[in-house]
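What follows is each chain in one-letter form.
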Amino acid sequence: MSAAAPDWGSEDGDAGAWGAGDLLVTGEAVALDLPAASLGVRVLSGLVDLVAQGVLLVLGLVLVAIAAPDEALAAAGSVVVTAATLVLGPAVVETLTSGRSLGKLVLGLRTVRDDAGPPSFHHCVVRHLLSVVEIWVMAGVPALVSALLSRRGKRLGDLVAGTYVVRDRFALRLPWPVTMPPPLAAWAARADIAPLPDALALTVHRLLGRGEGLDPRAHERLLLRTAAEVSRHVAPAPPPGTPPGAFLAAVSAERRARDERRLRGEVAQRQRLARRH
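The shown structure was predicted, so the numbers you read here are calculated from the model rather than taken from an experiment.

Calculation criteria
- Residues numbered from 1 in each chain as written.
- Predicted model: local features only at pLDDT ≥ 70, side-chain atom pairs only at ≥ 80, totals over all residues.
- Heavy atoms only, no water.
- Core = buried A, V, L, I, M, F, W, Y, C linked by side-chain atoms within 4.5 Å.
- Buried < 20%, exposed > 50% of the residue type's maximum accessible area, 1.4 Å probe, protein only.
- Helix = DSSP H or I, 4+ residues; strand = E, 2+ residues; numbered from the N terminus.
- Contact = heavy atoms within 4.5 Å.
- Phe/Tyr/Trp six-rings, centres within 6.5 Å; stacked < 30°, edge-to-face > 60°.
- Lys NZ or Arg CZ within 6 Å of the ring centre and 35° of its normal.
- Pairing = 2+ DSSP bridges.
- Salt bridge = Lys/Arg side-chain N within 4 Å of Asp/Glu carboxyl O.
- Expected span 1.5 Å × (residues − 1).
- pLDDT = per-residue confidence, 0-100.

1. Comments concerning the nonpolar core
So, step 1. Counting 21 residues, the largest nonpolar core has Trp187, Val230, Val234, Phe247, Leu248 and Val251 as its most contacted members.
So, step 2. Those elements that provide at least two residues to this core are α7 (185-190), α8 (198-210), α9 (216-231) and α10 (244-276).
So, step 3. When residues of this core are assigned to their parent elements, the largest contribution, five residues, is made by α9.
So, step 4. Excluding anything up to four places from it in sequence, Phe247 contacts Trp8, Leu184, Trp187, Ala227, Val230, Ser231, Val234, Pro238 and Thr242.
So, step 5. Counting residues in hydrophobic clusters, the runner-up holds five residues, among them Leu86, Val87, Ala91 and Val125.

2. Concerning the packing of aromatic side chains
So, step 1. The tally for this structure, following the rule as stated, stands at one aromatic pair.
So, step 2. Here Trp187 and Phe247 contribute two aromatic rings whose centre-to-centre distance is 5.9 Å and whose plane-to-plane angle is 50°, an arrangement assigned as tilted. Of this pair, Trp187 sits in helix α7 while Phe247 is found in helix α10, placing the two residues 60 residues apart along the sequence. Neither residue differs from the other here; Trp187 and Phe247 are each classed as buried.
So, step 3. Over the ring of Tyr164 we find Arg152, and its NZ or CZ is 4.2 Å from the ring centre.

3. Description of the side chain of Ser45
So, step 1. Position of Ser45 among the secondary structure elements: in helix α1 (residues 39-67).
So, step 2. In this structure, Ser45 is in contact with Gly103, Lys104, Leu107 and Leu109, ignoring residues within four places of it in sequence.

4. Quick word on the pairing of strand β3 (residues 109-113)
Both faces of the sheet carry side chains from a regular strand, because those side chains alternate between them.
So, step 1. In terms of burial, β3 is a largely internal element, four of the five residues being buried.
So, step 2. Taken together, the five bridges between β3 and strand β4 (residues 163-167) define a ladder with antiparallel strand orientation. Paired with Arg110 across the two strands is Val166, which belongs to β4.

5. Looking at the environment of Cys124
So, step 1. Along the chain, Cys124 falls in helix α4 (residues 121-137).
So, step 2. By relative accessible area, which is 0% here, Cys124 ends up buried.
So, step 3. In this structure, the C-alpha to C-alpha distance between Cys124 and Thr95, residues 29 residues apart in sequence, is 6.8 Å.
So, step 4. Setting aside its immediate chain neighbours within four residues, Cys124 contacts Ala91, Glu94, Thr95 and Pro119.

6. Examining the side chain of Ser131
So, step 1. Of note, Ser131 is situated in helix α4.
So, step 2. Under the relative-accessibility criterion, Ser131 is labelled buried at 6%.
So, step 3. Ignoring anything within four residues of it in the chain, the contact list for Ser131 reads Leu86, Trp136 and Arg155.

7. Topic: the pattern of salt bridges
So, step 1. Counted by the stated rule, this structure contains 13 salt bridges.
So, step 2. Close ionic contact of Glu134 with Arg155 constitutes a salt bridge, the shortest N to O distance being 2.4 Å. Here the residue Glu134 occupies a position in helix α4, and Arg155 occupies one in the loop between α5 (141-149) and α6 (156-161), the gap between them amounting to 21 residues. Of the two residues, Glu134 and Arg155, both sit in the buried class.
So, step 3. Between Arg262 and Glu266 there is a salt bridge, with the nearest N and O atoms lying 3.3 Å from each other. Taken together, the positions of Arg262 and Glu266, both in helix α10 and four residues apart, correspond to about one turn of that helix.
So, step 4. Linked through salt bridges whose partners overlap, the residues forming this network are Arg42, Glu94, Lys104, Arg127 and Asp158.

8. A look at α10
So, step 1. Under the 1.5 Å per step criterion, the end-to-end length of α10 is 48 Å for 33 residues, consistent within 8% with the ideal 48 Å.
So, step 2. Listed in full, the buried residues belonging to α10 are Pro244, Gly245, Phe247, Leu248, Ala249, Ala250, Val251, Ser252, Ala253 and Glu254.

9. A few points about the confidence of the model for the protein chain
So, step 1. Looking at the protein chain, the pLDDT average stands at 84 and 83% of residues meet or exceed 70.
So, step 2. When pLDDT is averaged over each element of the protein chain, α4 comes out on top at 95 and strand β1 (residues 23-25) at the bottom at 44.
So, step 3. With pLDDT under 50 throughout, residues 11-32 is counted as low confidence; its partners more than four residues away or in other chains account for 57 contacts.

10. A short note on unusual backbone geometry
So, step 1. Along the chain, Ala235 connects to Pro236 via a cis peptide bond; the corresponding omega equals -5°.
So, step 2. Within the fold, Pro236 resides in the loop between β6 (234-235) and α10.
So, step 3. Despite not being glycine, Ser98 shows a phi value in the positive range, around 60°.
So, step 4. Residue position: Ser98 is located in the loop between α2 (71-96) and α3 (102-107).
So, step 5. In this structure, Ala139 is a non-glycine residue whose phi angle is positive, near 55°.
So, step 6. Following the sequence through the fold, Ala139 ends up in the loop between α4 and α5.
So, step 7. For Ala139, a relative accessible area of 65% translates into the label exposed.

Structural data, given as structure tokens:
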């Protein structure tokens, strides 16, 4: 006979917020922070890019003025040079370098998509197309205001393209694996634990890894709500009186242990097949 599930409630609320943020997700659903670059560093990086683009633009316009045989061709050439210098050229460079321009390379920054992946050519073209207006035409005022109001320091081009700028040189700190609470080891070993949705798995890892930094009451509410959500994917229920934090730790540790056993089994099977051939 299975034990009754602990009464953890089922309210929606703060727990969902733990699934959001500046995250890079590993195969074990571990959330790694990709910290957004500070506004000051972004401004310095932008100034380096502006100087480089300005020099190239002036040289290109001078060459067009010298080489063009008439005013019509000079005007057309100026448009081409401007587009290539301010939009297409920078977009190609950032695409090929996974989000790095000259200024970002110097300051240790890079552009990423909102999901932390490298930007595509489309993302980069949108960013630099809007930079012509917000930086070159309007002296950077819209970009500065947008960056100050955005949580990730996004300028208008980033908001439209779905990108932001991160620090490329930072120490990556992986969380310690969650340990199995001894009283729940036997229960977890025989429990049926279904795969958790990605957002929920991230919530569990972030809550277990950073809960000590929360207000105790907020921490307890998050534990209760997250445990209630996770319990829908686990059977049978844990023993009565199980604290929600211990339940989440047991589920997380057991999922990790099962993944490790599965991977070891796959490696052993490949080795046996390789020996046969």
